[in-house]
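The chain contents come next:
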Amino acid sequence: RNIGIGTSTPQWLLNPFSSTASQLALSAGAGIAQWAFRNAGGNLYFATTTVAGTATTSTSALTIIGSSGNVGIGTTSPFAPLSISYNWNGGATPGLVINNAVAESGPEATLYLMTNGSTEANDRNWGFATNHNANGNFEILSSIGNKDVADTSRFVIDRQGNVGIGTTSPLA
């Protein structure tokens, strides 16, 4: 038997319904802001609430658009498979951080732009890395041939600010 909250015609085992408010909220107790979940027009929104449980005026923390599958962080209108919107407002907090939290497993934090599974000899995958060679460098890397991992340095800025193209040891 289906149970409806806010509806007399539930379609699912548990069917909370509201056309104007969150359909589900998670709370760790009184006096603590909640996470609110809402389906509006086939789109899924995750947001925070105030301690009193009212919706915040901030943008949805996470949005999933049902028709496209696009995911938005900090936006209710993601225009790509992953859209991140951040109101920097002159503060010191970055909008996106890529971090290797386990230094023992490797020194680098890398962002890869990849076409997985390619068999074309001329295809390249690219990476942007810090500490790729464990020496404090920033590097732009590429794969060679149809390798999936970009691991060949193409451009380097070392700890002293020296720039190298085609070398991992630029001179002043």
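Residues numbered from 1 in each chain as written. Predicted model: local features only at pLDDT ≥ 70, side-chain atom pairs only at ≥ 80, totals over all residues. Heavy atoms only, no water.

J.: Looking at this model, I keep getting lost on the overall build of the chain. Mind explaining?
T.: Across its full length, the chain carries zero helices and 13 strands. Reading the helices (α) and strands (β) of the chain from amino to carboxyl end gives β-β-β-β-β-β-β-β-β-β-β-β-β. A buried classification covers 24% of the 172 residues belonging to the chain. (Helix = DSSP H or I, 4+ residues; strand = E, 2+ residues; numbered from the N terminus. Buried < 20%, exposed > 50% of the residue type's maximum accessible area, 1.4 Å probe, protein only.)

J.: In this structure, what is going on with the pairing of strand E10 (residues 126–130)? I would like to understand it.
T.: Consecutive side chains along a regular strand alternate between the two faces of the sheet. Burial along E10 is one-sided: Gly127 and Ala129 are buried, and none of Trp126, Phe128 and Thr130, which face the opposite way, are. As paired elements, strand E9 (residues 109–113) and E10 share five bridges and run antiparallel to each other. Across the sheet, Ala109 pairs through a bridge with Thr130, a residue of E10. Strand direction decides the pairing type here: E10 and strand E11 (residues 138–142), joined by five bridges, are antiparallel. Paired with Phe128 across the bridge in E11 is Ile140. (Pairing = 2+ DSSP bridges.)

J.: Before we go on, may I ask you to explain the sheet that holds strand E7 (residues 71–73) in this structure?
T.: Picture the strands of a sheet paired through backbone hydrogen bonds; they go either parallel or antiparallel. Strand order in the open sheet formed by six strands is E3-E4-E5-E6-E7-E8, and the pairing between neighbours is mixed. On the outer flanks of this sheet lie strand E3 (24–26) and strand E8 (82–84), each paired with one strand and no other. Across the sheet, the axes of successive neighbouring strands diverge by a mean angle of 15 degrees, strand direction being ignored. With three bridges joining them, E7 and E8 adopt parallel strand pairing. Following the sheet pairing, Val71 is matched in E8 by Leu82. (Axes fitted to C-alpha atoms, helices over the stretch in contact; angles between N-to-C directions.)

J.: Please explain the packing of aromatic side chains as it appears in this structure.
T.: Two numbers describe a pair of aromatic rings. These are the distance of the centres and the angle of the planes. Inspection of the entire model under this criterion finds one aromatic pair. Ring centres of Phe37 and Phe46 lie 4.7 Å apart, and the angle between their planes is 80 degrees; this geometry places the pair in the edge-to-face category. Given the relative accessible area of 17%, Phe46 is considered buried. (Phe/Tyr/Trp six-rings, centres within 6.5 Å; stacked < 30°, edge-to-face > 60°.)

J.: Looking at this structure, I do not really get the sheet that holds strand E13 (residues 163–165). What am I missing?
T.: Taken in spatial order, the five strands make up an open sheet running E9-E10-E11-E12-E13, and their pairing is antiparallel. Because the sheet does not close on itself, it has two edges, and the strands there are E9 and E13. With strand direction ignored, the average angle separating the axes of adjacent strands in the sheet is 20 degrees.

J.: How should I be thinking about the side chain of Thr63 in this particular structure?
T.: With respect to the helices and strands, the residue Thr63 is situated in strand E6 (residues 62–64). Assessed through its relative accessible area of 0%, Thr63 is described here as buried. Apart from the residues within four sequence positions on either side, Thr63 is in contact with Leu44, Tyr45, Asn70, Val71, Gly72, Thr75, Thr76 and Pro78. (Contact = heavy atoms within 4.5 Å.)

J.: Which parts of the structure should I look at to understand the pairing of E11?
T.: Inspection of the sheet shows E11 paired to strand E12 (residues 152–157) by five bridges, in the antiparallel sense. Paired with Ile140 across the strands is Phe155, a residue of E12.

J.: Explain the environment of Arg154 here, please?
T.: Along the chain, the position of Arg154 falls in strand E12. Contacts of Arg154, omitting those with residues within four sequence positions, involve Trp126, Ile140, Leu141, Ser142, Ser143, Ile144, Gly164, Ile165 and Gly166.

J.: Before we go on, may I ask you to explain the side chain of Ser18 in this structure?
T.: Turning to its location among the elements, Ser18 is positioned in the loop between strand E2 (14–16) and E3. Using a relative accessible area of 18% as the deciding quantity, one classes Ser18 as buried. A polar contact is formed between the side chain of Ser18 and the backbone nitrogen of Thr20, at a distance of 3.2 Å. (Polar contact = N/O pair within 3.5 Å; in protein donor to acceptor, adjacent residues only side chain to side chain.)

J.: I'm lost on the environment of Gly31 in this one. Help?
T.: Among the secondary structure elements, Gly31 is positioned in the loop between E3 and strand E4 (35–40). Taking the C-alpha atoms as reference points, Gly31 and Val51, separated by 20 residues in sequence, lie 5.3 Å from one another.

J.: Would you mind going over the environment of Thr63 with me for this structure?
T.: In the structure, Thr63 is positioned 16 residues away from Ala47 in sequence and 8.7 Å away in space, judged by C-alpha atoms. In terms of polar contacts, Thr63 uses its side chain to reach the backbone carbonyl oxygen of Thr75, at 3.0 Å.

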